[in-house]
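# Residue-level structure breakdown
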Amino acid sequence: MGYDQKPIRSSSRVKCQKLHLAFLTTCCCLVSVTLLVGCSVSSTKLSSWPWNHAAPAAAPMAGGRIGSQKLVEAADKQELKPVCDFADTRSVVCELEGDIRIHGNSSSILFAGSSPASWQMKPHPRKDDPNALSHVTQISVTSFAADGDAPRCAVSSTTPAIVFSTGGYMGNPFHDFTDVLIPLFITSFQFDGEVRFLVGDIAPWWIQKYEPILTGLSRHDIIDLNRDDVVRCFPHVIVGLRFHKEMSIDPSRTQNGLSMLDFGRFVRRSFALRRESATKLGADRDKKPRLLIIARRATRVLENVDEVARAARGLGFEVVVAEAGRKTNLTAFARLVNSCDGMMGVHGAGLANFVFLPMNTTLIQVVPLGQLDEIARVDFGAAAEDMEMKYVQYGISEEESTLIEQYPRDHAVFNDPTAITKQGWTARRSVYLLNQNVRIDVVRFRDVLIQALEFLHRE
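The model shown is predicted, which means the values in this text are computed figures rather than measured ones.

Here the focus is the overall build of the protein chain. Along the backbone of the protein chain there are twelve helices and 20 strands. Looking at the protein chain as a whole, 57% of its 459 residues are labelled buried. Sequence-distant contacts, at least 24 apart, represent 78% of the contacts inside the protein chain between residues at least 6 apart. As presented, the protein chain carries roughly 19300 Å² of accessible surface, and 49% of it is formed by carbon and sulfur atoms.

With that out of the way, let us pick up the pairing of strand S16 (residues 290–294). Burial of S16 is extensive: four of the five residues sit out of reach of the surface. Summarising the sheet, S16 and strand S17 (residues 318–322) pair through five bridges and their orientation is parallel. Following the sheet pairing, leucine 291 is matched in S17 by valine 319. At this point the chain moves from S16, through helix H6 (residues 305–315), to the parallel S17, and the crossover so formed is right-handed.

In this model, the largest pocket occupies a volume close to 1200 Å³. Together, 41 residues line the largest pocket, and Asn172, Phe174, His175, Arg300 and Ala349 are the ones closest to its centre. Only helix H2 (173–188), helix H3 (204–209), helix H8 (373–386) and helix H11 (425–434) provide two or more residues apiece to the lining of the largest pocket. For the lining of the largest pocket, the class distribution of residues is 20 nonpolar, ten polar and eleven charged.

Further remarks concern the pattern of salt bridges. Any two side chains of opposite charge can pair, so long as their charged atoms come close to each other. Evaluated as defined, the whole model comprises 22 salt bridges. Residue glutamate 276 is joined to arginine 268 by a salt bridge in which the shortest nitrogen-to-oxygen separation is 3.0 Å. When salt bridges with common partners are traced through the structure, they connect Arg90, Arg126, Asp179 and Glu246 into a single cluster.

Strand order in the open sheet formed by five strands is S17-S16-S18-S19-S20, and the pairing between neighbours is parallel. The open sheet has two edge strands, S17 and strand S20 (390–395), and neither has a second partner. Taken over all neighbouring pairs, the strand axes of this sheet differ in orientation by 20° on average, direction set aside. Taken together, the four bridges between S16 and strand S18 (residues 342–346) define a ladder with parallel strand orientation. Across the sheet, isoleucine 294 pairs through a bridge with glycine 345, a residue of S18. Where H8 meets the sheet, its contacts fall on strand S19 (362–367) and S20, and the angle it forms with S19 comes to roughly 175°.

A few words now on the state of the cysteines. Applying the stated criterion across every chain, the model contains two disulfides. The side chain of cysteine 84 participates in a disulfide bridge whose partner is cysteine 94; the two sulfur atoms lie 2.1 Å from each other. Here the disulfide of cysteine 84 and cysteine 94 is right-handed, its torsion about the S-S bond being about 120°. Remark: cysteine 94 occurs in strand S6 (residues 93–103) and cysteine 84 occurs in strand S5 (residues 83–85); sequence separation between them is ten residues. A relative accessible area of 1% places cysteine 94 in the buried class. The disulfide that involves cysteine 153 links it to cysteine 233, with 1.9 Å between the sulfurs. Taking the sign of the torsion about the S-S bond as the criterion, the disulfide between cysteine 153 and cysteine 233, at about -95°, is left-handed. Of this pair, cysteine 153 sits in the loop between strand S10 (149–151) and strand S11 (155–156) while cysteine 233 sits in strand S15 (residues 231–239), and the two are 80 residues apart along the sequence. Here cysteine 153 matches cysteine 233 in class, with each residue buried.

The next thing to look at is the packing of aromatic side chains. As enumerated under the stated definition, the model contains 13 aromatic pairs in all. Seen in terms of ring centroids, phenylalanine 164 and phenylalanine 197 are 5.7 Å apart; in terms of plane orientation they differ by 75°. Their pairing is edge-to-face. Of this pair, phenylalanine 164 sits in strand S12 (residues 161–165) while phenylalanine 197 is found in strand S13 (residues 196–200), placing the two residues 33 residues apart along the sequence. Each member of the pair, phenylalanine 164 as well as phenylalanine 197, carries the same accessibility label: buried. Ring plane angle 80° and centroid distance 6.2 Å describe the contact between phenylalanine 177 and phenylalanine 356, whose orientation is recorded as edge-to-face. Of the two residues, phenylalanine 177 sits in helix H2 while phenylalanine 356 sits in the loop between S18 and S19, which places them 179 residues apart along the sequence.

With that settled, consider the nonpolar core. Formed by 60 residues in total, the largest nonpolar core has its most connected members in Phe177, Phe263, Phe354 and Phe356. Of the residues forming this core, the biggest block, eight residues, is contributed by H2. Val366, Ile396, Leu433 and Phe445 belong to the second-largest nonpolar core, a separate cluster that totals 40 residues.

Another aspect to go through is the environment of valine 319. With respect to the helices and strands, the residue valine 319 is situated in strand S17. Residue valine 319 is classed as buried on the basis of its relative accessible area of 11%. It is 8.5 Å that separates the C-alpha atoms of valine 319 and proline 289, two residues lying 30 residues apart in sequence. Leave out the neighbours within four places in its chain, and valine 319 touches Leu291, Ile293, Ala309, Ala312 and Arg313.

Judged by how many residues are buried, S15 sits mostly within the fold: nine of nine residues are covered. Note: S11 against S15, two bridges, orientation parallel. Bridge assignment links valine 155 to a residue of S15, and that residue is arginine 232. Examined bridge by bridge, S12 and S15 share three bridges and lie parallel to one another. Across the sheet, valine 163 pairs through a bridge with valine 239, a residue of S15.

What counts, and at which threshold
Residues numbered from 1 in each chain as written. Predicted model: local features only at pLDDT ≥ 70, side-chain atom pairs only at ≥ 80, totals over all residues. Heavy atoms only, no water. Helix = DSSP H or I, 4+ residues; strand = E, 2+ residues; numbered from the N terminus. Buried < 20%, exposed > 50% of the residue type's maximum accessible area, 1.4 Å probe, protein only. Contact = heavy atoms within 4.5 Å. Areas by Shrake-Rupley, 256 points an atom, 1.4 Å probe, with all protein chains shown as cover. Pairing = 2+ DSSP bridges. Right-handed = clockwise from strand over helix to strand, strands pointing away. 1 Å grid on protein atoms, 1.4 Å probe; cavity = no way out; pocket = protein on both sides within 12 Å on 5 of 7 lines; lining within 4 Å. Points joined across faces, edges and corners; volume = space filled by probe spheres on them. Nonpolar A, V, L, I, M, F, W, Y, C, P; charged D, E, K, R; others polar. Salt bridge = Lys/Arg side-chain N within 4 Å of Asp/Glu carboxyl O. Axes fitted to C-alpha atoms, helices over the stretch in contact; angles between N-to-C directions. Disulfide = S-S within 2.5 Å. Phe/Tyr/Trp six-rings, centres within 6.5 Å; stacked < 30°, edge-to-face > 60°. Core = buried A, V, L, I, M, F, W, Y, C linked by side-chain atoms within 4.5 Å.

Take it as geometry only, folks, not as evidence of what the structure does.
Right under this line is the structure:
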């Protein structure tokens, strides 16, 4: 795996089980208007593009310099139509087969087709978030006639390609996994490593940080789409990433039941993590399970983390307090997480590191005030359970929130949080996520720690 044509190698390569592509039967290529989700379609009716199961066309002929080339299709060559899904609530994905030509520097993708068509899309699974999409480069996808002019191929490949962007909220661990890495796993796993990634809006540090995952999914160097000034030709291209749900996978939407259990095993093998399951305590009350407390230092800080750690130790846990920052060595931190039997922390991106935990562990999420319970469960709780972990959610009381130092107790912040929510996400985020710290009542929290301990003794 490389970045900008410089090879990067990893000893943590994983041999993935090959899956056949699970085609979408609800193809929403019935769109002939401009969409307000980062994707616009020309007046050419995409409803005329049927699903085509024919074998991929032969790889395009390699050429010398970039220029213009007259193309003549063989008479017996069946034309393959693009298949696009514009109706998914989170992502736009188009699958192209045949003669596809990509010029990254101009953000252009051309495909051979008898009918004129053109549309734009942002290949990132957060199409309903204008702020995220403002950091994503728009791609133009256009057909060209087989007997017309098209850019000459400078580099031809028989390997399929996936075009996507790491923009959006790159660097936030939750968004790195839920918006990019898990959708990339879903989209690319079928190719068994024989796929090339053409990535827009990337940063070298991001590629290095997640190199074990990227090299586990592709045997080929990454192409920096924004800086690539040659025309590359492929027989099969997927533009965009398939998204299922926050931090997780819906097995019913994959051909062979691919799940978060598979993703967990893949991640553990990619980072060479030793533990597949939590410590089996059984009836042995002398064994000390290891609990990792994610210590946030910027927002939603657990102000009495030392007191919570002492309470956990008093119940029989070995406690580790840590936080992974942008410059943290992710491989080393993944090993630390994997050495633990449980993780706890206040709602936030740091909890995304639960993907490195062994199975049968426990995730404890502390939820601040602000009607965040459902968001917390959707973001982390359901995903942890999908990985066969025990999940405990602890909603704090008003006395455990530092908001009591900022607002009178009869304020809407406490009595009517819905009123704050109605002011919009910016107001809600400012009050409840950016300006609220937590001081856990360790007496009240004791039952949660005991529950986590009992889970481990049952295994």
